[in-house]
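# Residue-level structural notes
Each chain is listed here by its residues.
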Amino acid sequence: MINMLVVGLGGAVGSMLRYGISLIPYKGGVPLATLITNILGAILIGYITGMAAKKDMGQHTMLFLKTGLCGGFTTFSTFSLEAYTIFQNGNYLLGAVYILLSLLGCLAGIYVGFRLA
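Numbering of residues starts from 1 in every chain and runs along the sequence as written. In view of the model being predicted, local features appear only for residues whose pLDDT reaches at least 70, and side-chain atom pairs are presented and counted only at 80 or more, with totals across whole chains, interfaces and linings using the full set of residues. Note that the side-chain values use all heavy atoms of the structure and ignore hydrogens as well as water.

With that settled, the discussion passes to the overall build of the chain. What counts as a helix is a DSSP run of H or I of at least four residues, what counts as a strand is a run of E of at least two, and both are numbered from the N terminus. From N to C terminus, the chain includes five helices and zero strands. Helices and strands in the chain line up, N terminus first, as α-α-α-α-α. Taking all 117 residues of the chain together, the buried fraction comes to 32%. Should any heavy atoms of two residues lie within 4.5 Å, those residues are counted as being in contact. Nonlocal contacts in the chain, meaning residues at least 24 apart in sequence, comprise 75% of its contacts between residues at least 6 apart. Residue exposure ignores everything except the shown protein chains as possible cover, and the areas themselves are Shrake-Rupley values with a 1.4 Å probe. A total accessible area of about 7200 Å² is found for the chain, and carbon and sulfur atoms account for 72% of it. Throughout this description, buried means an accessible area under 20% of the type-specific maximum (1.4 Å probe, protein chains only), exposed means over 50%, and partly exposed covers the range between.

Right, let's talk about the packing of aromatic side chains for a bit. In this scheme Phe, Tyr and Trp rings, the latter by its six-membered ring, pair at centre separations within 6.5 Å, and the angle between planes marks the pair as stacked below 30 degrees, edge-to-face above 60, and tilted otherwise. In the structure shown here, the tally under the stated rule is three aromatic pairs. Summarising the aromatic geometry, the rings of Phe-79 and Tyr-98 are spaced 5.3 Å apart at their centres and angled 50° between planes, so their arrangement reads as tilted. Taken together, the positions of Phe-79 in helix 4 (residues 76-88) and Tyr-98 in helix 5 (residues 92-116) put the pair 19 residues apart, joining distant regions of the chain. Here Phe-79 and Tyr-98 have matching classes, each one buried.

With that settled, the discussion passes to the nonpolar core. The biggest cluster of nonpolar side chains holds six residues, and these are Val-30, Leu-35, Phe-79, Ala-83, Ile-86 and Tyr-98. With three residues, the top contributor of residues to this core is helix 4. Sequence-distant contacts of Tyr-98, that is, excluding residues within four places in its chain, are made with Val-30, Pro-31, Thr-34, Leu-35, Phe-79, Glu-82, Ala-83 and Ile-86. Membership of the second largest hydrophobic core comes to five residues, among which are Met-62, Leu-65, Leu-69 and Cys-70. Residues belong to one nonpolar core when they are buried, are Ala, Val, Leu, Ile, Met, Phe, Trp, Tyr or Cys, and are joined through side-chain atoms within 4.5 Å.

As a further point, take helix 2 (residues 32-54). For a helix, the expected span equals 1.5 Å multiplied by the residue count minus one. Over its 23 residues, helix 2 runs 33 Å from end to end, which matches the ideal 33 Å to within 8%, given 1.5 Å per residue. Residues Thr-34, Leu-35, Thr-37, Asn-38, Gly-41, Ala-42, Gly-46, Ile-48, Gly-50 and Met-51 constitute the buried set of helix 2. On its buried side, helix 2 packs onto helix 1 (2-22), helix 3 (59-73), helix 4 and helix 5.

Dropping the structure here:
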């Protein structure tokens, strides 16, 4: 039961952080807040995983940070819906660029997070 509570608390914090980023004013074709959130989330989960490989963080800390915080913060389902909508609107090049930037940015984010750890 404590594990569920720890994950839930981390998820609440992550969701609030994600919402905060969504409040940044921006009007453009690419959903920039989601892109930024996913890349920052990738850096964060890479850092957490890298740090955990160096020292024992404890089960509750890992559940709070990786499953809760990062799970609540990253927005892959939102990203998928937005990419689908871009394609549905006939903006195939923009949709492909958005997917490519998201994928490469998040992979680079994992690398950066590990390097920072």
